[in-house]
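Here are the chains, one letter per residue:
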There are 4 protein chains.
Amino acid sequence: MIVILKKGVTRKQVENVEQKLASLGFKTHPIVGDYKTVIGAIGDKRNINKNLILSMEGVEEIVPIMLPYKLAGKELYKEPTTIDIGDGITIGGGHLAVMAGPCAIEGEDEFISVAKKVKQSGAVILRGGAFKPRSSPYSFQGLELEGLEIMAAAKKETGLKLVTEVVDTRDVETVDRFVDIIQIGARNMQNFRLLKEVGHCKKPVLLKRGLSATITEWLMAAEYIMSEGNEKVILCERGIRTFETATRNTLDLSAVPAVRDTSHLPIVVDPSHGTGHAKFVASMAKAAVAAGCDGLIIEVHQDPPNAMSDGEQSLTPKQFGDLMESLKKIAGVVGKSL
Amino acid sequence: MIVILKKGVTRKQVENVEQKLASLGFKTHPIVGDYKTVIGAIGDKRNINKNLILSMEGVEEIVPIMLPYKLAGKELYKEPTTIDIGDGITIGGGHLAVMAGPCAIEGEDEFISVAKKVKQSGAVILRGGAFKPRSSPYSFQGLELEGLEIMAAAKKETGLKLVTEVVDTRDVETVDRFVDIIQIGARNMQNFRLLKEVGHCKKPVLLKRGLSATITEWLMAAEYIMSEGNEKVILCERGIRTFETATRNTLDLSAVPAVRDTSHLPIVVDPSHGTGHAKFVASMAKAAVAAGCDGLIIEVHQDPPNAMSDGEQSLTPKQFGDLMESLKKIAGVVGKSL
Amino acid sequence: MIVILKKGVTRKQVENVEQKLASLGFKTHPIVGDYKTVIGAIGDKRNINKNLILSMEGVEEIVPIMLPYKLAGKELYKEPTTIDIGDGITIGGGHLAVMAGPCAIEGEDEFISVAKKVKQSGAVILRGGAFKPRSSPYSFQGLELEGLEIMAAAKKETGLKLVTEVVDTRDVETVDRFVDIIQIGARNMQNFRLLKEVGHCKKPVLLKRGLSATITEWLMAAEYIMSEGNEKVILCERGIRTFETATRNTLDLSAVPAVRDTSHLPIVVDPSHGTGHAKFVASMAKAAVAAGCDGLIIEVHQDPPNAMSDGEQSLTPKQFGDLMESLKKIAGVVGKSL
Amino acid sequence: MIVILKKGVTRKQVENVEQKLASLGFKTHPIVGDYKTVIGAIGDKRNINKNLILSMEGVEEIVPIMLPYKLAGKELYKEPTTIDIGDGITIGGGHLAVMAGPCAIEGEDEFISVAKKVKQSGAVILRGGAFKPRSSPYSFQGLELEGLEIMAAAKKETGLKLVTEVVDTRDVETVDRFVDIIQIGARNMQNFRLLKEVGHCKKPVLLKRGLSATITEWLMAAEYIMSEGNEKVILCERGIRTFETATRNTLDLSAVPAVRDTSHLPIVVDPSHGTGHAKFVASMAKAAVAAGCDGLIIEVHQDPPNAMSDGEQSLTPKQFGDLMESLKKIAGVVGKSL
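Residues numbered from 1 in each chain as written. Chains lettered and ligands numbered in written order. Predicted model: local features only at pLDDT ≥ 70, side-chain atom pairs only at ≥ 80, totals over all residues. Heavy atoms only, no water.

Asks: How would you sum up the packing of aromatic side chains? Please name residues and give values.
Replies: Two descriptors summarise a pair of aromatic rings, namely the distance from one centre to the other and the angle between the planes of the rings. Tallying each qualifying case throughout the model produces 4 aromatic pairs over all chains. Summarising the aromatic geometry, the rings of Phe192(A) and Tyr224(A) are spaced 4.6 Å apart at their centres and angled 25 degrees between planes, so their arrangement reads as stacked. Note that Phe192(A) is positioned in helix H6 (residues 192–199) and Tyr224(A) in helix H7 (residues 215–227), a separation of 32 residues in sequence. Accessibility classification places Phe192(A) together with Tyr224(A) in one group, the buried group. Positioned over the ring face of Phe243(A) is Arg241(D), at 5.9 Å from the centre of the ring. (Phe/Tyr/Trp six-rings, centres within 6.5 Å; stacked < 30°, edge-to-face > 60°. Helix = DSSP H or I, 4+ residues; strand = E, 2+ residues; numbered from the N terminus. Buried < 20%, exposed > 50% of the residue type's maximum accessible area, 1.4 Å probe, protein only. Lys NZ or Arg CZ within 6 Å of the ring centre and 35° of its normal.)

Put into structure tokens, the structure is as follows:
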């Protein structure tokens, strides 16, 4: 790290900082300018308590020169990671994986019907919410275990892989049993206990970006899961909170190249939550593929006007099918198959 | 609610919307203008699935006329709520309650020493973190149960009330046993399962505002706790995320009058997390009291440069003591005692 | 508009509001519910002083039912507008128009050299800054009039159309004489005097979105120009300010479908300022085309490391050429030619 | 500055960077770690084109160690600046200066009447808008020259100093002739030509913070004015744009201590625009004084419900008078007189 000292720092203060750095295992290189003094501190001490230095007299600022994440970054794993979901389904690599299905699971017949249709259009993973984190306690909270059983039935019927969200450490084991990918929702991106718990699972984890999470914080959340042993993390951009109100969130597609630049993990995009309006989903799904994402997760509902959750952002199976046709062509242009 | 219809809506579409509204229990009042048609829908249907209307043909927008929260709002409870912590300590009403202590509990002797000092300066509640939600998995995660036991010892020694954060549904029962106020941290403000779990407790809950939570979402989080039976919620403003980087967060003091305007719940302010720098804490603590808050929660550490967490935003016991002197005077001006 | 009255409003207060509305030319329709009373006010009074109602006793809130912009919206002009730049170059309609060139004009030879190269790759409009709004007074401020003359020379040499920014009302006449499209930069999006001044020109105006402007405010800025008589406004999304720091701004591509949804004006995207890093430009340019934009504006510099402004976000002519090849294919998929 | 090199940088690349730095006048100090190499570059080169280094091969990032502003910072002027408005009125130092008056000047009688009342309550500077930057072209745009003449009449009558906004470079000379403090509005904070123009005036400038301006950008805007010769800049915090909608803007009171920490310029606060609602103004005005600001600017209107602009955030003269009583007491506590 680089320690920038205050103008007018005393010789004694510089020495104290150097000694403290040495005691923490750094080699120090002071650079004395006419105007300011800085100390270069060399050593792989990524997770040191910065405060130990920052609070010393004469210290103005600390500039880290290493990224705070190690497993999620490109230092150890230089090549993009491909995550195997089984039966030839992968996320990352040259294939574009599409996950689709309703926001919430409402009943078995409807769910299986949608599942068949999205499969027909080319989706390989079925999404559906059994445990729903809703902003009002009075809204439908999901079918819970019954929802998971319906998902299992749909899988049996269609062969689609399953992804669903888990919202409580106490449910991780159960969810892990039923699905192929465990989802951590945006509101739980920094629910560190939940991250650790899914870090003990063997199933891949779809980690949604928090509403106001920086890319660094998002990768640190991935690091939480990976440092517990589960390195199969799929990142999911789903929109961040800004001042704009024409869309429910602002879908940050530049996160796709920005994540690629610093991490080996695959990244998928959720244009449904990212925009909040069905009428904007197709444009943003196409844009996401053109930007180079590894997959999409799209809400599809048999009858959006009567959906129990998020109907305003759900496509009909027909709209989804049409969209998939365009996506195939754009995928081809950017060197991916769908 | 008000249903705004699209320009050029057909007579048949208007009728369909009216019928749907009637089937949901509303009385409808269509208003046909030269330019647009709107339907006034009257009835106390706060938690209806808006999508049922929003997705109908011809509907442009829905404008709710009732707030989404009921227990947290002023409809049922018009007077400001005062929460009794026991032994004459209250939050809300004419008294300004100050909570103080270190970010994380690091050891018994230091903790008790700080406790004695903050008590001497006028704090009535002791804060300390036993379960620490840290953005890096490699940072100190707290002493957990041992931390709670140290808190209990400090309470025995000083008589101060205790507040600490809970981060996992599985720990709620244990934390509830040890402390007087259960804290929900900013990152868990929409961890709905955790909210429900503390909603089953009898102890007051200190609910921190999420980093990107609107005041409405914050009150909906309070509603989650209250709707489970625990109406003793204390709101805590601790800074929101903006583009500004000179401060760790942007402390939104206007939330104090804005919450007062719409809710009966007491509100306290955390200038330590709100600014992230010890040098800004005193100014913002004074400002918070002048703005009319019901209390403060301030990080105080025996030796900030060597704190294991958040040292850069911690006051020394001496700085805290000096600050309390100023706060007493400002409290007097705004009609509160400290 | 809809006037929502406070709970407990008196009969007299309701009457006062109704009378005031009538005096302003509205027909009123009160709807009295058990819980709240609202008044529907009908009449095309888009630009009324809302405060006249909002400040009356008993009034809680006003909900407009008409958009605040008229010329920029779809009410009068239902079909997408195509703007003619001359010589067969259009913006809007089925063609994708690409504008390219260096951030700042630094010298004639380099500028003409870049101009030739971007033309060869398919750009039809040449960009270049003569008046540079720089955040530091000590940075290069542009060649001003000399820059405009260099632009004219490049146009003569290549036949490319010209776009450049104007930053002062006193320069509008001069800039208007030299270029084909007058640019209003993000920092001047609400410099209303400048908007009015270019509203008196006959040349099309490229209106960049402000760093923290909502889509509604952006369209109101367009309305300023249009209401002065110049209806040839081209909107340009160039990134908004958020908390994310991995990119210079957050390019809001969902603005493309969102603008389409409410306005007839064409919209182009600036992936250079939108990301701030050359390495992210190609991904976002492709995404913008897939999202359905009408054009792009891209910074291209002969020698980015030695650029006097914005070198870190500039492509080389070679990188630009390669990008254009991909863009042609994606344009084809979304039904546009390039 | 510190130049951080990419992992795996070659010896040749390091040498190239060193040579380039030397050619720019820096003394270089390379520090080679096991993991990364950094180069310390020493020399007072505040306004170098960073891109020259940033775009070189092997360079990852540049960390400046000097602030980008010099005149606005504390390097040259260590002591807080007090700005003399004449006749014993100062901004900065131990006195709290209050500016008050209506948003827009609507007519002479009303304006003089308000002026007398705010003077009686203790205001020393009269505010009023003659040139109004309104977000809609159809809203009242101000009385312009006639407004300035009314201001002059009010000054003659009451002896109050005057502050008004200028929005066009062409009006600076005129405004300068009439008023005692020239205001640059939030939307023009980066209208660099306007900044330069008022930099040529002798009158103090009240520089409002832009809606999405960082504190650094705000001080750079001050630097623009100061570098032209006018060092009498008064900063004005007036709320920033965030996702919160309960208030019109989020008043960032932590800007008060943050500006103090890095600049010698005085800072005043505008709780009227900062909140947008009259009901929140008193709380935030008191908080601003407690936070240590040097003054306030508050909208006061004879008849807020009939104001032509911003009535919803204006106090009545009576409310203003009551507020001033509280402010005097809080000013006393924080060591200021009012």
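Next, the rest of the story.
Asks: Residues and numbers for the relation of the copies chain C and chain D, please.
Replies: Superposing chain C onto chain D requires a rotation of 180 degrees together with a translation of 0.0 Å along the rotation axis, leaving an RMSD of 0.0 Å. When the rotation and shift are considered jointly, the pair of chain copies conforms to a two-fold rotation axis. Closest to the rotation axis within chain C is the C-alpha of Ser212(C), separated from it by 3.0 Å. When the interface residues of chain C are mapped onto chain D, 100% of them again lie at the interface, so the same face is used by both copies. (Least-squares fit on C-alpha atoms with pLDDT ≥ 70 in both. Contact = heavy atoms within 4.5 Å.)

Asks: Could you give an account of the sheet that holds strand E12 (residues 233–237) of chain C, with specific residues and numbers?
Replies: All names here are of chain C. Reading around the barrel, the 8 strands line up as E7-E8-E9-E10-E11-E12-E13-E14 and close back on themselves, with parallel pairing between neighbours. Ignoring which end each strand starts from, the neighbouring axes of this sheet average 25 degrees apart. Relative to strand E8 (residues 125–127), strand E7 (residues 97–101) runs parallel, the two sharing 2 bridges. Counterpart to Ala-100 in the pairing with E8 is Leu-126. (Pairing = 2+ DSSP bridges. Axes fitted to C-alpha atoms, helices over the stretch in contact; angles between N-to-C directions.)

Asks: Describe the environment of Ala115(C), listing the residues and the values that go with them.
Replies: Residues and elements named next belong to chain C. When you line up the elements, Ala-115 lands in helix H3 (residues 108–121). Ala-115 sits in the buried class, given a relative accessible area of 0%. C-alpha separation for the pair Ala-115 and Pro-102, spaced 13 residues apart in sequence, amounts to 9.0 Å. Every residue in contact with Ala-115, bar those within four places of it in the chain, is listed here: Leu-126, Ala-154, Thr-158 and Leu-160.

Asks: Outline the packing of helix H3 (residues 108–121) of chain D against helix H11 (residues 317–333) of chain D, listing residues and values.
Replies: All names here are of chain D. With their axes 9 Å apart at the nearest point, H3 and H11 run at an angle of 20 degrees to one another. By the criterion of interaxial angle, the relationship of H3 to H11 is roughly parallel. Considering how the two elements wind past one another, H3 and H11 form a crossing that is right-handed. For the pair formed by H3 and H11, the contact residues are Lys-117, Val-118 and Ser-121 on the first element and Pro-317, Phe-320, Gly-321, Met-324 and Lys-328 on the second. Here the contact of H3 with H11 is built from residues that sort into 4 nonpolar, 2 polar and 2 charged. (Parallel < 35°, antiparallel > 145°, perpendicular 65-115°, else oblique. Left-handed = near helix turned anticlockwise from the far one by under 90°. Nonpolar A, V, L, I, M, F, W, Y, C, P; charged D, E, K, R; others polar.)

Asks: Residues and numbers for the domain arrangement of chain A, please.
Replies: We note that the domain assignment places domain 1 (2–63) and domain 2 (83–333) within chain A. Taken over C-alpha atoms, the centre of domain 1 of chain A sits 44 Å from the centre of domain 2 of chain A. (Domains from an automatic or database assignment.)

Asks: An account of the interface of chain C and chain D is requested, with residue identities and associated values reported.
Replies: With 49 residues of chain C at the contact, the number on the chain D side is 49 residues. Overall, the association of chain C and chain D removes approximately 4000 Å² of surface from exposure, summing both partners, and the carbon and sulfur fraction of that is 43%. Joining chain C to chain D, the criterion identifies 10 salt bridges. Our count for the contact surface shared by chain C and chain D stands at 35 residue pairs in polar contact (both at pLDDT 80 or more). Secondary structure elements with two or more residues in the side of chain C that touches chain D: helix H2 (51–54), helix H6 (192–199) and helix H7 (215–227) of chain C. (Buried area = accessible area lost by both parts, 1.4 Å probe. Salt bridge = Lys/Arg side-chain N within 4 Å of Asp/Glu carboxyl O. Polar contact = N/O pair within 3.5 Å; in protein donor to acceptor, adjacent residues only side chain to side chain.)

Asks: Any chance you could break down the relation of the copies chain D and chain A for me, citing the residues and the numbers?
Replies: What relates the two chain copies is a rotation about an axis together with a slide along it. Each copy superposes on the other: chain D lies on chain A with an RMSD of 0.0 Å after a rotation of 180 degrees and an axial shift of 0.0 Å. Of the residues that chain D buries at the interface, 100% are likewise interface residues in chain A, meaning the two copies contact each other through the same surface.

Asks: I'd love a proper account of the interface of chain D and chain A, names of residues and values included.
Replies: Contact residues are listed per partner, giving 20 residues for chain D and 20 residues for chain A. Carbon and sulfur atoms supply 77% of the area buried between chain D and chain A, which totals about 1800 Å² over both sides. In this assembly, chain D and chain A are joined by 0 salt bridges. Between chain D and chain A we count 0 residue pairs in polar contact (both at pLDDT 80 or more) in total. Within the residue set of the side of chain D that touches chain A, elements represented by two or more residues are strand E1 (2–5), strand E2 (27–32) and strand E3 (37–42) of chain D. Per-element accounting of the side of chain D that touches chain A gives the leading share, 3 residues, to E3(D). A per-class count over the side of chain D that touches chain A returns 11 nonpolar, 4 polar and 5 charged.

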